[in-house]
Amino acid sequence: MTTEPADDSLDETAIIARDLIRMDTTNYGEGKSNGEVEAAEYLSAKLTAMGLEPEMFESAKGRVSVVARVEGADPAKPALVVHGHTDVVPAQPDNWSVDPFGGVIKDGLLWGRGAVDMKNMDAMIVTALQDILGSGRQPARDLVIAFFADEEAGGVYGAHYLVDRHPELFAGATEAISEVGGYSVTLGNQRSYLLQTGEKTLLWIKLVARGVAAHGSRYIQDNAVTKLAEAVAKIGRREWPIRLTETTTALLAEVARILGKDPEKVGPDELAIATGTAAGFIRATLRTTSNPTLLSAGYKHNVIPDTAEALIDIRTLPGEEDAVLAEVADLVGPDIEVVVVHRDVGLETSFDGPLIEAMIATLNEHDPGAPVLPYLLSGGTDNKALSKLGITGYGFAPLKLPAELDFPAMFHGVDERVPLDALVFGRRVLTDLLLNY
Ligand SMILES: [Zn+2]
């Protein structure tokens, strides 16, 4: 047993994030989900309590998103979308050292599924707004506050639904901030912040192998499981070539400078590895990746099934998706059917402009001397959906983290956890950014 700290010793951000973690909003993908109703109602009530008028949108049964508009001080400025998602990926409790939906607080950290992806930021958005509106102030510009459903399955029932069916919610917005960026990594001894200015393309495919259904004791070469296994191995083992984009070129130049390495002599992959745990964020952004994630075949030990299926999670560099798809078809051969289950665009924007400057300035104020670097996200976010409305999205969920925490491993990982003081840091940085930008 651990002794939980008393609620009155906790920042409101930790309490809200903990409340959200205790709501099991697991999204299993392929339309299977526990739904986001409870979290949506909870967040909606928090926004209402601040005097806002949130609206709830149900795209399918139980798949609820919440959107509210906050009036800014300067109506001439374009609106900023500040968004989070309320769903989480599944957690296997046996692998965890705590109950993944218990919202456990121990050793100065909040533990649980969603602690970093991304109920932490959901809570920071709420408390930053409370700080601003509760003190009678206004954000510098109009804000569109959105808590989306279904991000973990591509946003079909969340961000994409709202962008397609209710684009008026985002009227006047040109930029957005959300998850996976703005947190610190330690390069050598130098704490540095990674600010996300782009995302890889998402390409989720299914491989289907067909063969002869037969008794498991027979001589059968046309075996669907064998064919599938061969195809899966080829894709899983494929080493996609390194190609640097504008963002990764700039990132690696800064990493080389901070680590005191000569980029002419040290290759991109070696440089990424030299960053330590941050390599978990960086290496996958230097190339396309293709990871087999789910296998499905058979129903009895002594029966050969006639079909076998595999899901592959492919993330290509922006613009490479069609070439990669063609190569995948080539690798697996004509006998395997390749079905595109879900695909979404890659994004990349330059590391300059007033919002970038404001984010850097705010981080500098709260953590003086720590450099802020651009980076490309190997995963995807709801910024993909918002890009359909011409909204440029960034990853900015600010967290000041201890060097020893393997933060990349927290995303969709076991024992997901976030330091309590990082949540307070995020609340303050976000408050200042929204007041000043
Ligand atoms: Zn997320």
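Scope of this entry: the structure provided in the associated data block. (Residues numbered from 1 in each chain as written. Predicted model: local features only at pLDDT ≥ 70, side-chain atom pairs only at ≥ 80, totals over all residues. Heavy atoms only, no water.)

Quick notes on the nonpolar core
Ranked by internal contacts, the top residues of the largest apolar core, which has 88 residues, are Tyr183 and Phe407. The element that contributes the greatest number of residues to this core is helix α12 (residues 420–436), accounting for 9 residues. With sequence-adjacent residues up to four places away left out, Tyr183 is seen in contact with Ser192, Tyr193, Leu194, Phe281, Tyr375, Ala397, Leu399, Leu401 and Phe407. (Core = buried A, V, L, I, M, F, W, Y, C linked by side-chain atoms within 4.5 Å. Buried < 20%, exposed > 50% of the residue type's maximum accessible area, 1.4 Å probe, protein only. Helix = DSSP H or I, 4+ residues; strand = E, 2+ residues; numbered from the N terminus. Contact = heavy atoms within 4.5 Å.)

With respect to the coordination of the zinc ion
On the protein side, the zinc ion has His85 (NE2), Asp117 (OD), Glu179 (OE) and Glu179 (OE) as donor atoms, found 1.8 to 2.8 Å from it. For the zinc ion, the 4 donor atoms are set out with angles of 51 to 149° between them, so the coordination reads as irregular. Classification of Asp117 by relative accessible area gives buried; the value is 6%. (Donors = N, O, S within 2.8 Å, 3.2 Å for Na, K, Ca; no water. Tetrahedral: all angles 85-135°; square planar, octahedral: opposite > 155°, others 65-115°.)

Points about the side chain of Glu321
Mapped onto the fold, Glu321 is located in helix α9 (residues 321–332). Buried charge without a salt bridge: Glu321, with Arg343 as the nearest opposite-charge side chain at an N-O distance of 4.5 Å. Separated by 3.5 Å, the side chains of Glu321 and Thr201 make a polar contact. Among residues more than four places away in sequence, those in contact with Glu321 are Thr201, Leu203, Thr316 and Arg343. (Lys, Arg positive; Asp, Glu negative; His and termini not counted. Salt bridge = Lys/Arg side-chain N within 4 Å of Asp/Glu carboxyl O. Polar contact = N/O pair within 3.5 Å; in protein donor to acceptor, adjacent residues only side chain to side chain.)

Considerations on the environment of Val156
Locating Val156 in the fold gives a position in the loop between β8 (143–148) and α4 (159–165). Looking at Val156, the relative accessible area reads 38%, which means it is partly exposed. The spatial distance from the C-alpha of Val156 to the C-alpha of Ala49 is 29 Å, given a sequence separation of 107 residues. For Val156, the contacting residues outside a window of four places in its chain are Asp150, Tyr161 and His342.

Re helix α1 (residues 12–21)
Every α-helical turn comprises 3.6 residues, leaving residues that sit three or four positions apart pointing alike. For α1, the buried fraction is high: 8 of the 10 residues fall into the buried class. Within α1, burial applies to Thr13, Ala14, Ile15, Ile16, Ala17, Arg18, Leu20 and Ile21. Those residues of α1 hidden inside the fold are in contact with α2 (37–49), β6 (105–106), β7 (109–111), α3 (119–134) and α12.

Observations regarding α3
Over its 16 residues, α3 runs 22 Å from end to end, which matches the ideal 22 Å to within 8%, given 1.5 Å per residue. Counting buried positions along α3 yields 12 of 16 residues, so the element is predominantly enclosed. If you check which residues of α3 are buried, you get Lys119, Asn120, Met121, Asp122, Ala123, Met124, Ile125, Val126, Thr127, Ala128, Leu129 and Ile132. Directly beyond the C-terminal end of α3, a positive phi value near 75° is found at Gly136. (Expected span 1.5 Å × (residues − 1).)

Focus: the packing of aromatic side chains
A complete count under the given rule lists 9 aromatic pairs for this structure. Geometrically, the ring pair formed by Phe281 and Phe411 is edge-to-face, given 5.8 Å between the ring centres and 75° between the ring planes. Taken together, the positions of Phe281 in helix α8 (residues 279–282) and Phe411 in the loop between β20 (392–395) and β21 (417–419) put the pair 130 residues apart, joining distant regions of the chain. Among the residues examined, Phe411 registers a relative accessible area of 19% and is labelled buried. Pairing Phe407 with Phe411 gives two aromatic rings, centres 5.3 Å apart and planes at 80°, and the pair type is edge-to-face. The exposure classification of Phe407 matches that of Phe411, with both residues buried. Each member of the aromatic cluster is reached from another via a ring pair, and the members are Tyr183, Phe281, Tyr375, Phe407 and Phe411. When the ring centre of Trp111 is taken as origin, the NZ or CZ atom of Lys106, which lies over that ring, is 4.5 Å away. Geometry around Tyr437 places Arg141 over its ring, the cationic atom sitting 3.8 Å from the centre. (Phe/Tyr/Trp six-rings, centres within 6.5 Å; stacked < 30°, edge-to-face > 60°. Lys NZ or Arg CZ within 6 Å of the ring centre and 35° of its normal.)

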